[in-house]
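So the chains spell out like this:
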Amino acid sequence: MGGLEPRIIVSDKNLVQYILAYRIFMPRGGITLSTRESASLRDHLLRLGITKMSAGSCTSVGGRANLEASTNQFDISDPRDVEAMIKMLYEQGYQPVLKDWQII
C-alpha cells in the first residue's frame, strides 16, 4: 500500500531479535506493538516485555468521524476490539491498563 517499497523486509524472527536486543539494552524502555502485526504474534511477543498494544484501531484518515469508506494508512493484521484484547491479557496473567485520548 502506498507504493513505497521497504529497503529491508523485517521477518517475525527479526522483530523478535530486535525486541530482545532492545529489552537488554533498555530494560525500562517502552515497546509499543501495533495492530499491523498478527494476533498470534502479538500474543506471543507480550511476554518479551511489550508495554503498549493497540486495539480496535481505525487507520483511515478521519475514520472515526467520517463513517464513509476511506483509504487506510496501513493494513490491520489484528482486528480484535478492546474487549477481546482485555480477555487475552487476563488469560496471559496480565492486568490491562486502559488509556484513551488525554487533553492536557
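Residues numbered from 1 in each chain as written. Predicted model: local features only at pLDDT ≥ 70, side-chain atom pairs only at ≥ 80, totals over all residues. Heavy atoms only, no water.

1. A closer look at the nonpolar core
Of all hydrophobic cores here, the largest spans 11 residues; its members are Leu 15, Ile 19, Ile 31, Leu 33, Leu 41, Leu 45, Leu 46, Ile 50, Met 85, Met 88 and Leu 89. Broken down by secondary-structure element, the contributors of at least two residues to this core are helix H1 (12-25), helix H2 (39-45) and helix H3 (82-91). For Ile 50, the contacting residues outside a window of four places in its chain are Ile 19, Ile 31, Leu 33 and Leu 45. (Core = buried A, V, L, I, M, F, W, Y, C linked by side-chain atoms within 4.5 Å. Buried < 20%, exposed > 50% of the residue type's maximum accessible area, 1.4 Å probe, protein only. Helix = DSSP H or I, 4+ residues; strand = E, 2+ residues; numbered from the N terminus. Contact = heavy atoms within 4.5 Å.)

2. Quick notes on the confidence of the model for the chain
Predicted coordinates in regions of low pLDDT should not be interpreted in detail. With 76% of its residues at a pLDDT of 70 or more, the chain shows a mean pLDDT of 82. Averaged over each element, pLDDT in the chain is lowest for strand S2 (residues 52-53) (87) and highest for H1 (94). (pLDDT = per-residue confidence, 0-100.)

3. A word on the environment of Ser 77
Positionally, Ser 77 belongs in the loop between S2 and H3. Residues Ser 77 and Thr 35, spaced 42 residues apart in sequence, show a C-alpha to C-alpha distance of 5.8 Å.

4. Remarks on the pattern of salt bridges
A full pass over the atoms with the stated rule returns 4 salt bridges. Ionic pairing is found between Asp 43 and Arg 80, a salt bridge with its closest N-O pair at 2.9 Å. In this pair, Asp 43 is assigned in helix H2 and Arg 80 in the loop between S2 and H3, connecting sequence segments 37 residues apart. In terms of burial, Asp 43 and Arg 80 fall into one category: buried. Residue Glu 91 is joined to Lys 87 by a salt bridge in which the shortest nitrogen-to-oxygen separation is 2.6 Å. Within this pair, Glu 91 and its partner Lys 87 are both found in helix H3, separated by 4 residues, close to a single helical turn. (Salt bridge = Lys/Arg side-chain N within 4 Å of Asp/Glu carboxyl O.)

5. A few points about the environment of Glu 83
Note on placement: Glu 83 falls in helix H3. Assessed through its relative accessible area of 54%, Glu 83 is described here as exposed. As a C-alpha pair, Glu 83 and Ala 55 span 28 residues in sequence and 8.7 Å in three-dimensional space.

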